[in-house]
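# Descriptive structure summary
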Amino acid sequence: MIKIGVLALQGAFREHVNALRKCNVEAVEVKLPADLEQVDGLIIPGGESTTMVKLMQLYELDKKIIEKHNNGMPIFGTCAGAIVVAKKISNAQKDSLDLSSTQFSLNLADIEVERNAYGRQIDSFEAELDIEEIGKFQGVFIRAPKMRVHNKEGSINSLRILAKINDEIVMARQQNILLSTFHPELTGDTSVHEYFIREFVIGNMNKVQKAASIVKKL
Ligand code: GLN
């Protein structure tokens, strides 16, 4: 059975676990590096990115996530989770008690995020999205960040934008990373989770199986 981990240090992890179970996959809460051993994919939930990264570093989950990801583990970052995987956080210290000018991130996706870019809690909103490859989806935005393509090296960017509202990117994918600035786990609709499972997790498992059978034949 497919097993997907949900980073469970802080934030909306229970809702992701429930959504995954509705999709008939095994969902496990990831609190320590060992919990990542058997997972086929990882969801990093929404919450408070500054707290989440501090706890991640404290439990040395950051290193393990990067290691697993380098070995093919797909990641889905939602809201604060997207901030955690971004290469650049443009207003890192704003709205945070952290006095250091840079906020740690896993530095995996070619995006720049601006935290809390639509305003404060009171400016949270819902919007109907039209997501490429998924279709209509009700997006719930809570102190959401804005994402921009971050292509510092000028290399060909494999980042693909999947949805926008008012010209703002709200969902994107790059290699085996999926990102959304909204909370797909807060609606009863599991189509975004199904998309992650189908396109990223099963897609990667098929690749690994194919590679293993080629090695066997050699
Ligand atoms: N504003 C939060 C942060 O910067 C993200 C909000 C959310 O995940 N809903 O971490």
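For every chain, the first residue of the written sequence is number 1, and numbering continues from 1 along that sequence. This being a predicted model, a pLDDT of at least 70 is required before a residue's local features are given, and a value of 80 or more before pairs of side-chain atoms are given or counted; all residues contribute to the totals for chains, interfaces and linings. Derived side-chain values reflect all non-hydrogen atoms in the structure, with water molecules and hydrogen atoms excluded from consideration.

## Quick notes on the overall build of the protein chain
- A run of H or I in DSSP becomes a helix once it reaches four residues, and a run of E becomes a strand once it reaches two; helices and strands are each numbered from the N terminus. If you tally the helices and strands in the protein chain, you get 5 helices and 12 strands.
- Taken over C-alpha atoms, the radius of gyration comes to 17 Å for the protein chain, in line with the 17 Å a tight globule of 218 residues would show.
- Under the scheme applied here, a residue whose accessible area is under 20% of the maximum for its type counts as buried, over 50% as exposed, and between as partly exposed, the area being computed with a 1.4 Å probe on protein chains only. A total of 218 residues make up the protein chain; the buried ones form 51% of that total.
- Contacts are assigned to residue pairs that have any heavy atoms within 4.5 Å of one another. Of the contacts formed within the protein chain by residues at least 6 apart in sequence, a portion of 66% connects residues at least 24 apart.
- Only carbon and sulfur atoms are counted for the fraction: they give 50% of the accessible area of the protein chain, which is about 10,600 Å².
- Note on charges: Lys and Arg go in the positive column, Asp and Glu in the negative column, and His and the chain ends are not counted at all. The atom standing in for a charge is NZ when the residue is Lys, CZ when it is Arg, CG when it is Asp and CD when it is Glu. Charge separation in the protein chain, taken as the distance between the mean sites of 27 positive and 28 negative side-chain charges, equals 4 Å. Note on method: radius of gyration uses C-alpha positions; expected globular size equals 2.2 Å times residues raised to 0.38. Accessible areas in this description were obtained via Shrake-Rupley with a 1.4 Å probe; residue shielding takes into account the shown protein chains only.

## Quick word on the site of the ligand
- Neighbouring the ligand are the residues Gly46, Gly47, Glu48, Ser49, Cys79, Ala80, Ile83, Arg115, Asn116, Ile142, Arg143 and His183.
- N or O atoms closer than or at 3.5 Å make up a polar contact, with two conditions inside protein: a donor-capable atom paired with an acceptor-capable one, and, for residues adjacent in sequence, both atoms drawn from side chains. Separating a nitrogen atom of the ligand from a backbone N or O atom of Arg143 is a distance of 3.1 Å.
- Within the side chain of His183, an N or O atom sits 2.8 Å from a nitrogen atom of the ligand.
- Here the ligand has 300 Å² of accessible area as a free molecule, and 97% of this is covered by the chains.
- Per-class residue counts for the shell around the ligand are 4 nonpolar, 5 polar and 3 charged. Nearness of a residue to a molecule or strand requires only that one of the residue's heavy atoms be within 4 Å of it. Residue classes follow a fixed rule: Ala, Val, Leu, Ile, Met, Phe, Trp, Tyr, Cys and Pro count as nonpolar, while Asp, Glu, Lys and Arg count as charged, and any other residue, Gly among them, counts as polar.

## Considering the confidence of the model for the protein chain
- Per-residue confidence for the protein chain gives a mean pLDDT of 91, with 93% of residues at or over 70.
- Confidence scores labelled pLDDT are given residue by residue by the predictor and lie between 0 and 100. Taken as a whole, residues 93–100 scores under 50 in pLDDT and shows 11 contacts with residues more than four places along the chain or in a different chain.

## Side note on the nonpolar core
- Here, the term nonpolar core denotes a set of buried Ala, Val, Leu, Ile, Met, Phe, Trp, Tyr and Cys residues that are joined through side-chain atoms within 4.5 Å. The biggest cluster of nonpolar side chains holds 33 residues, and the ones touching the most others in it are Leu7, Ile44 and Ile65.
- No other element matches the 5 residues that helix H4 (residues 80–85) contributes to this core.
- For Ile65, the contacting residues outside a window of four places in its chain are Leu7, Leu36, Leu42, Met56, Met73, Ile75 and Leu106.

## Points about the pairing of strand S3 (residues 41–44)
- Side chains Gly41 and Ile43 project from S3 onto one buried face, and the interleaved Leu42 and Ile44 project onto a second face that is buried too.
- Two elements, strand S1 (residues 3–7) and S3, share 3 bridges in a ladder whose sense is parallel. Directly across from Gly5, in S3, lies its bridge partner Leu42.
- Pairing analysis gives 3 bridges linking S3 to strand S4 (residues 75–78), with the strands arranged parallel. Across the sheet, Ile43 pairs through a bridge with Phe76, a residue of S4. When DSSP locates at least two bridges between a pair of strands, those strands are taken to pair.

## Some points on helix H5 (residues 191–217)
- A helix is expected to span 1.5 Å multiplied by its residue count minus one. Its 27 residues give H5 an end-to-end C-alpha distance of 37 Å, which sits within 8% of 39 Å, the value for a rise of 1.5 Å per residue.
- The quantity called bend is, for any residue, the angle between two axes fitted respectively to the seven residues ending at it and the seven beginning at it. Where H5 bends most, at Ile197, the angle is about 30°.
- If you check which residues of H5 are buried, you get Val192, His193, Tyr195, Phe196, Ile197, Phe200, Val201 and Asn204.

## Describing the pairing of strand S8 (residues 135–141)
- Of all 7 residues in S8, 5 are buried; the element is thus mostly enclosed.
- Relative to S8, strand S7 (residues 125–131) runs antiparallel, the two sharing 7 bridges. Residue pairing in the sheet places Leu129 in a bridge with Phe137 of S8.

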